[in-house]
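Here are the chains, one letter per residue:
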Amino acid sequence: MTLDHVFVCDHPALDFAATLRARRSRRFEMFAAPDRLDAWFLESGLVDAVAPRSTQADVERAMVVREAVYVLVQARRRGEEYPEAELATVNAAARHPAAAPQLTAGGRRTEATPEGALSLVARQAVELLAGPDVPLLKECANPECTRIFVDRSRGMRRQWCGMEACGNKIKAAAYRARRKSPAASARASASAQAAPSA
């Protein structure tokens, strides 16, 4: 896996929760260093600048909020009560002053401290979990992937967080499995025996 940030969940809070990948197996941490957290804030489009830059303490705080968001989203998807500790964590982060957009000669610009950017993420999670998109929350059908996404597809038929990351991988694996199945091997063997010799 690479440290390239991916935004396939159709919601910033879900993309943030997905920065710990493969939670049930290999667990791959995207916030390996403070600059990766700053990069996520910028690439997500929530802010245009992070100042001062994040520290390791900011990364650790972000990880705690991220895990709380993930737990709350899973609880909401399952119709369970929110765990108190995680609820308190997200609400505390959301209460911090968030970055406010400013109008500049070049257009809209949002600068934030790491704490302010994290507050924006927590507020996004609050809006998601209290909003109309809850019935659209799905977990990726790839057993190794633990991303949760908003399924806005017609008929809610979307199965994977993204075709590049998971869909193509699962389809290719299924194709290989079909090719290796005993029935496919028997057909291939029968075809080879039926073919006229040169």
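What counts, and where the lines are drawn
- Residues numbered from 1 in each chain as written.
- Predicted model: local features only at pLDDT ≥ 70, side-chain atom pairs only at ≥ 80, totals over all residues.
- Heavy atoms only, no water.
- Helix = DSSP H or I, 4+ residues; strand = E, 2+ residues; numbered from the N terminus.
- Buried < 20%, exposed > 50% of the residue type's maximum accessible area, 1.4 Å probe, protein only.
- Contact = heavy atoms within 4.5 Å.
- Areas by Shrake-Rupley, 256 points an atom, 1.4 Å probe, with all protein chains shown as cover.
- Axes fitted to C-alpha atoms, helices over the stretch in contact; angles between N-to-C directions.
- Parallel < 35°, antiparallel > 145°, perpendicular 65-115°, else oblique.
- Left-handed = near helix turned anticlockwise from the far one by under 90°.
- Nonpolar A, V, L, I, M, F, W, Y, C, P; charged D, E, K, R; others polar.
- Phe/Tyr/Trp six-rings, centres within 6.5 Å; stacked < 30°, edge-to-face > 60°.
- 1 Å grid on protein atoms, 1.4 Å probe; cavity = no way out; pocket = protein on both sides within 12 Å on 5 of 7 lines; lining within 4 Å.
- Points joined across faces, edges and corners; volume = space filled by probe spheres on them.
- Salt bridge = Lys/Arg side-chain N within 4 Å of Asp/Glu carboxyl O.

(A) Representation of the overall build of the protein. When helices and strands are tallied, the protein shows 7 helices and 8 strands. Out of the 198 residues belonging to the protein, those deemed buried represent 38%. Of all intrachain contacts in the protein linking residues separated by at least 6 positions in sequence, the fraction that spans at least 24 positions is 55%. In the form shown here, the protein has an accessible surface area of approximately 11300 Å², with 54% of it arising from carbon and sulfur atoms.

(B) Representation of the packing of helix H4 (residues 84-95) against helix H5 (residues 114-129) within the structure. Remark: H4 packs on H5, axes separated minimally by 7 Å, with the N-to-C direction vectors making an angle of 125 degrees. Taken together, the axis directions place H4 and H5 in an arrangement best described as oblique. When you trace H4 past H5, the crossing you get is left-handed. Where H4 approaches H5, its residues Val90, Asn91, Ala93, Ala94 and Arg95 are matched on the opposing element by Ser119, Ala122, Arg123, Ala125 and Val126. Tallied by class, the residues present in the contact of H4 with H5 amount to 6 nonpolar, 2 polar and 2 charged.

(C) Here's a closer look at the packing of aromatic side chains. Under the counting rule described, the total for this entry stands at 4 aromatic pairs. For the pair Trp40 and Phe41, a centre-to-centre distance of 6.1 Å together with 75 degrees between the ring planes defines the contact as edge-to-face. Look at Trp40 and you get buried, because its relative accessible area is 0%. Here the aromatic cluster, defined as three or more aromatic residues joined through ring pairs, consists of Phe7, Phe16, Phe31, Trp40 and Phe41.

(D) Local environment of empty space enclosed by the protein. Applying the stated criterion across every chain yields a total of 1 cavity of 30 Å³ or more. Every residue along the wall of the largest cavity is listed here: His5, Val6, Asp15, Ala18, Thr19, Arg21, Met30, Trp40 and Arg147. Split by residue class, the lining of the largest cavity holds 4 nonpolar, 2 polar and 3 charged.

(E) Local environment of the pattern of salt bridges. Per the stated rule, a full pass over the model turns up 10 salt bridges. Between Arg24 and Glu139 there is a salt bridge; the shortest N-O distance is 3.4 Å. On the criterion of sequence distance, the pair formed by Arg24 in the loop between strand S1 (20-21) and strand S2 (28-29) and Glu139 in strand S7 (residues 137-139) is long-range, its members being 115 residues apart. A relative accessible area of 22% places Glu139 in the partly exposed class. The closest approach of N and O atoms between Arg66 and Glu29, which form a salt bridge, is 2.7 Å. Of this pair, Arg66 sits in helix H3 (residues 56-78) while Glu29 sits in strand S2; the two residues are 37 residues apart in sequence, bridging distant segments of the chain. We classify Arg66 as buried; its relative accessible area is 2%. Look at the salt bridges and you will find they share partners, linking Arg23, Glu29, Arg66 and Glu67 into a network.

Treat this as a map of the structure, not an account of what it does.
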